[in-house]
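One-letter residues, chain by chain:
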Amino acid sequence: EYIAVGNQDGAVELYHNGTKKFETDSDGVEIFGNRLRLADNVKAAFGSGADLQIYHDGSNSFISDAGTGDLIITGTVIRPRTDQFTLNNAANNENMISAVADGAVSLFFNGSTKFQTTNTGATVTGNLIASGNVDANSNGSRVSVGDNADLLMTHINNGLIDCVTGELEIIAQNHIFLKTADSKNAISCNQNGAIKLYHNNVEA
């Protein structure tokens, strides 16, 4: 039963209970088996300056981009498994992404939460700017504005704009037109001018 084998101009081999577990080759080393075990706080370091480090500190697991350049993860399908995933900056003092099993996924800007999923949808903190459509595609979906949902826009069988608190003001720099679905005028309000009412697109 082999324990260790050294081959002239060739590999050095290490065995466990007669089974080869480690072998040097012309490119480096090869490990045979199911795992490489490192103790807590022992880092697997990659790069001349230990730029990439992987380790477990006894409580949490870390993949740390401690050197120069970006941390790039590639693959057709990437499926890391964990109950809580946190992506921090290199200094490890700011959250960038957080995901909790059975809980929220959060996106951050400069350490502040800006987008967070909830059990009913998602919460945006700050302004939401869209370059395309913002769709509420199901009947009864609504857009609410104000601390207490003071202004509501919804559609069930008919479109509804409901100003729950205060007055509803519609302001335009020039003219305001109220039109039918086929673009016929119904009411027009002209700045510094007349209010006109129409019947079948003809001024009454």
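Rules used in this analysis
Residues numbered from 1 in each chain as written. Predicted model: local features only at pLDDT ≥ 70, side-chain atom pairs only at ≥ 80, totals over all residues. Heavy atoms only, no water. Phe/Tyr/Trp six-rings, centres within 6.5 Å; stacked < 30°, edge-to-face > 60°. Helix = DSSP H or I, 4+ residues; strand = E, 2+ residues; numbered from the N terminus. Lys NZ or Arg CZ within 6 Å of the ring centre and 35° of its normal. Pairing = 2+ DSSP bridges. Axes fitted to C-alpha atoms, helices over the stretch in contact; angles between N-to-C directions. 1 Å grid on protein atoms, 1.4 Å probe; cavity = no way out; pocket = protein on both sides within 12 Å on 5 of 7 lines; lining within 4 Å. Points joined across faces, edges and corners; volume = space filled by probe spheres on them. Nonpolar A, V, L, I, M, F, W, Y, C, P; charged D, E, K, R; others polar. Patch = residues over 30% accessible without salt bridge, like charges linked within 9 Å, V, L, I, M, F, W, Y side chains within 5 Å. Areas by Shrake-Rupley, 256 points an atom, 1.4 Å probe, with all protein chains shown as cover. Salt bridge = Lys/Arg side-chain N within 4 Å of Asp/Glu carboxyl O. Buried < 20%, exposed > 50% of the residue type's maximum accessible area, 1.4 Å probe, protein only.

Caption draft 1: View of the packing of aromatic side chains. Counting across every chain of the model gives two aromatic pairs. Relative to Y15, the ring of Y2 lies with its centre 5.6 Å away and its plane at 35°, an arrangement referred to as tilted. With a gap of 13 residues between them, Y2 in the segment before β1 (4–6) and Y15 in strand β2 (residues 12–16) connect regions that are remote in the sequence. Each ring, one from Y55 and one from F62, has its centre 5.0 Å from the other, and the planes form 10°; the classification is stacked. Just above the ring of Y55 sits the side chain of K43; from NZ or CZ to the centre is 4.7 Å. If you follow K179 out to its NZ or CZ, it ends over the ring of F177, 5.4 Å from the centre.

Caption draft 2: Representation of the sheet that holds strand β10 (residues 105–109). With respect to topology, five strands assemble into an open sheet ordered β8-β9-β10-β11-β12, the strand pairing being antiparallel. Each of the sheet's edge strands pairs with one partner strand only, and the pair in question is β8 (84–88) and β12 (121–124). Strand-to-strand, the axes of this sheet are offset by a mean angle of 10°, without reference to chain direction. The pairing of strand β9 (residues 95–100) with β10 spans three bridges and is antiparallel. Across the sheet, the residue bridging to A99 is V105, located in β10.

Caption draft 3: Main features of the layout of surface pockets. Space inside the largest pocket adds up to approximately 1200 Å³. Along the wall of the largest pocket there are 31 residues; nearest its centre are S61, F62, I63, F85 and T86. Taken as a whole, the second largest pocket encloses approximately 250 Å³ of empty space. F115, T120, G121, A122, V124, L128 and V134 together form the lining of the second largest pocket. With three residues, β12 is the single largest residue contributor to the lining of the second largest pocket. Of the residues contributing to the lining of the second largest pocket, the split by class is five nonpolar, two polar and no charged.

Caption draft 4: Representation of the environment of T19 within the structure. Looking at where T19 falls in the secondary structure, it is placed in strand β3 (residues 19–25). On a C-alpha basis, the gap between T19 and A130 in space is 61 Å, while along the polypeptide they are 111 residues apart.

Caption draft 5: Layout of the pairing of strand β18 (residues 195–199). As paired strands, strand β17 (residues 185–190) and β18 are joined by three bridges and run antiparallel to one another. For S188, the partnering residue across the bridge sits in β18 and is K196. Where β17 folds back onto β18 in an antiparallel hairpin, the turn is made up of four residues, including N192, whose phi is positive at roughly 60°. Bridging between β18 and strand β19 (residues 202–203) involves two bridges; their strand directions are antiparallel. Each bridged residue has a counterpart across the sheet, and for Y198 the counterpart in β19 is E203. Remark: two residues form the turn of the hairpin made by β18 and β19, two consecutive strands paired antiparallel; N200 in that turn has positive phi of roughly 55°.

Caption draft 6: Looking closely at a nonpolar patch on the surface. Among the surface-exposed residues, F46, I54, I63, L71, I73 and I78 lie close enough to one another that they form a single nonpolar patch of about 580 Å² accessible area. Among the secondary structure elements, F46 is positioned in strand β5 (residues 44–46). Judged by its relative accessible area of 43%, F46 is partly exposed.

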